[in-house]
Amino acid sequence: MQVSEQDPAAGPAARKVGEFLRSRAEQIAQRWADAALFRTVFTVSRDEAVEACKAVVEALAEVAATGRPDDITAPGFHAVREQLGRMAATRARTGSTPAQVAGEVADLSRPAVTLLRGEFDDPAGGQAQDCVLALTVLMGTLRLVVMETTLSQGQELIERQRQQLLEVATPVIKLWEGIVAVPLIGTLDSARSQVVMESLLDAVVAERARYAILDITGVPTVDSLVAQHLMKTVAAARLMGAECIVSGIRPAIAQTIVHLGIDLGNVVTRSSLADALAHALRRQGSAVPPGTPAASLAP
Amino acid sequence: MQTSADTATTRLPIGSDADLAWVRQKVRQTATDSGFSLVQQTKLITAASELARNTLIHGGGGQLDMTVLHGGLRLTFTDSGPGIRDIEQAMTDGFTTGNGLGMGLSGAKRLVQDFSIESQPGQGTTVTVTALATPMPHPRPEHG
């Protein structure tokens, strides 16, 4: 909505609203501090809420002074963007939906408009109407800014968590001298399996490992793509002189792999990580007492 | 996602890798709610994963319609991609036009109780599978 371009009275009206906001900042802040949005976020003291309100009012005044109350990219909003984002995030944590937060921002409009009307001798006059319209547009812009800030923070959070997942999912554990293991957890898509393969091969070199165990206990679904990733990883480890053992194959997964028709015949597989470790230890020549639970193995 | 009460059909979009994970989760949840045993559940989810990936990679995206039946689940994967010229060849173990294992379509068929595929070149592909909560129904009465 390009009010300033359509209506020649909008620019001066917005600037007048800017002056009003500056002169009445304290009164508006006092009223807003009791509104749901500020009251529930700034719970420590009312003064804190009033300060936060004042910052928002000043930002709005600055935007209004430019004569473009509809500009959501106005530099005046930069100062309060972080604060608004924090407030919206706080509301979201307590269970408010974005729509509720938007509604709470909209609720700020009425007290300000009431104060603005009081400024005019003739509240129904043309100038008063122009100013009220400009203020309403400005408050709508504030609402958009809050929403935009919330959304962009959500995007950042998702991206950060995606990166974290990639790292978290692939710890390579040294189980024994010459034996490393990767417990795989979650969905094994192409990006993840690439990370797994790289970190496993790095560990094979770093630990001079002869045996590498891929544990898929935490992988919920083993379809042909996951199986293909596993086979590629096994083949790559073999090229580096390490024998790969796939462990953690649950009964349901085993039956599914058979029905799917995937041939894991040339891959050493074990049902549990303990069995895989026992297998590797035996092959390595370490003494493994027969029948002993692998968990209580002594060197 | 739309749900209509009378047929209990859920529609899920398939347009990205994230959608594949979402499809697997929803199928798992629905199968659990429908009383699927762990093995039947795992088989159905794996079949759904294969077919949804086909829809995404070969069909260029599409949708899954999931219908709860009495004692089972029906999944319909629809895309409007290039279609399959030779279905018999596509259903052969090890045949692939991509760089996969070529086990997806044929493997999915072995994982479910009922499998049908319709495709015309240029008209897209529809794959419908039905899985039962218990693979072999026991019609015997308990007192007999």
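Within each chain, residue numbers correspond to sequence positions counted from 1 in written order. All chains are assigned letters beginning with A, and all ligands numbers beginning with 1, in the order in which they are written. Since the coordinates come from a predicted model, pLDDT governs what is reported: local features require at least 70, and pairs of side-chain atoms require 80 or more to be given and counted, while whole-chain, interface and lining totals use all residues.

### So, the overall build of chain A
Reasoning step 1: Of regular secondary structure, chain A possesses 13 helices and 5 strands.
Reasoning step 2: Partly exposed residues are those falling between the two cut-offs: more than 12 but fewer than 20 other C-beta atoms within 10 Å of their own, whereas 20 or more means buried and 12 or fewer means exposed, with C-beta atoms placed from the backbone. Counting the 299 residues in chain A, one finds 35% classified as buried.
Reasoning step 3: Throughout, a residue-residue contact means that the two C-beta atoms, derived from backbone geometry, are no farther apart than 7 Å. Across chain A, every contact between residues at least 6 apart in sequence was considered, and the portion connecting residues at least 24 apart equals 70%. A run of H or I in DSSP counts as a helix once it spans at least four residues, and a run of E counts as a strand once it spans at least two, with each numbered from the N terminus.

### A look at the nonpolar core
Reasoning step 1: Among the nonpolar cores identified, the biggest contains 69 residues, and Ala212(A), Ile213(A), Leu214(A), Leu44(B), Ala48(B) and Ala52(B) are the most heavily contacted of them.
Reasoning step 2: The biggest single contributor to this core is helix α2 (residues 38-57) of chain B, with 7 residues.
Reasoning step 3: Leave out the neighbours within four places in its chain, and Leu44(B) touches Val27(B), Ala31(B), Phe36(B), Leu73(B), Leu111(B), Val112(B) and Ala131(B).
Reasoning step 4: Residues enter a nonpolar core if they are buried, belong to Ala, Val, Leu, Ile, Met, Phe, Trp, Tyr or Cys, and are joined to the set through C-beta atoms within 7 Å. The next biggest cluster of nonpolar side chains, apart from the first, holds 41 residues, and it includes Ala14(A), Phe38(A), Phe77(A) and Val80(A).

### Examining the interface of chain B and chain A
Reasoning step 1: Between chain B and chain A, the residue contacts involve 21 residues of the former and 17 residues of the latter.
Reasoning step 2: Within the residue set of the side of chain B that touches chain A, elements represented by two or more residues are α1 (17-33), α2 and α4 (104-111) of chain B.
Reasoning step 3: If you tally residues by element for the side of chain B that touches chain A, the top one is α2(B), at 9 residues.
Reasoning step 4: In terms of residue class, the side of chain B that touches chain A is made up of 7 nonpolar, 7 polar and 7 charged. Amino acids are sorted into nonpolar (Ala, Val, Leu, Ile, Met, Phe, Trp, Tyr, Cys and Pro), charged (Asp, Glu, Lys and Arg) and polar (every other residue, Gly among them).

### Side note on the environment of Phe115(B)
Residues and elements named next belong to chain B.
Reasoning step 1: If you trace the backbone, Phe-115 turns up in strand β5 (residues 114-120).
Reasoning step 2: Under the C-beta neighbour-count criterion, Phe-115 is labelled partly exposed, with 19 such atoms within 10 Å.
Reasoning step 3: Between the C-alpha atoms of Phe-115 and Leu-75, which are 40 residues apart in sequence, the distance is 9.8 Å.
Reasoning step 4: Setting aside residues no more than four positions away along its own chain, Phe-115 makes contact with Lys-109 and Val-129.

### Describing the confidence of the model for chain B
Residue and element names in this part refer to chain B.
Reasoning step 1: pLDDT: the predictor's confidence for each residue, scored from 0 to 100. The predicted model of chain B averages 86 in pLDDT, with 88% of residues at 70 or higher.
Reasoning step 2: Per-element confidence in chain B ranges from a low mean pLDDT of 45 for strand β1 (residues 3-4) to a high of 94 for strand β4 (residues 72-79).
Reasoning step 3: Confidence drops under a pLDDT of 50 for residues 1-6, and excluding neighbours within four residues, the segment shows 6 contacts in the predicted structure.

### Regarding the sheet that holds strand β4 (residues 243-247) of chain A
Residue and element names in this part refer to chain A.
Reasoning step 1: We call two strands paired when DSSP finds no fewer than two bridges between them. Spatial ordering of the open sheet is given by β1-β2-β3-β4-β5, a layout of 5 strands whose pairing is mixed. Looking at the sheet topology across the chains shown, the edges are occupied by β1 (173-176) and β5 (268-269).
Reasoning step 2: In this structure, β1 lies alongside strand β2 (residues 179-185), joined through 3 bridges in antiparallel fashion. Paired with Ile-173 across the bridge in β2 is Ala-181.
Reasoning step 3: Axis lines are fitted to C-alpha atoms, over the contacting stretch for helices. Their N-to-C directions set the angle, which ranges from 0 to 180 degrees. On the sheet, helix α10 (residues 190-206) packs against β2 and β3 (211-218) and is oriented at approximately 165° with respect to β2.
Reasoning step 4: The sheet contacts of helix α13 (residues 273-284) involve β1, β2, β3 and β4, and relative to β3 the element is tilted by about 170°.

### Focus on the confidence of the model for chain A
All names here are of chain A.
Reasoning step 1: Averaged over all residues, the pLDDT of chain A equals 84, while 92% of them reach at least 70.
Reasoning step 2: This model gives residues 1-5 a pLDDT under 50, and the stretch forms 10 contacts once residues within four places in sequence are excluded.
Reasoning step 3: Residue range residues 294-299 is modelled with pLDDT below 50. Its contacts to residues more than four positions away, or to other chains, number 8 contacts.

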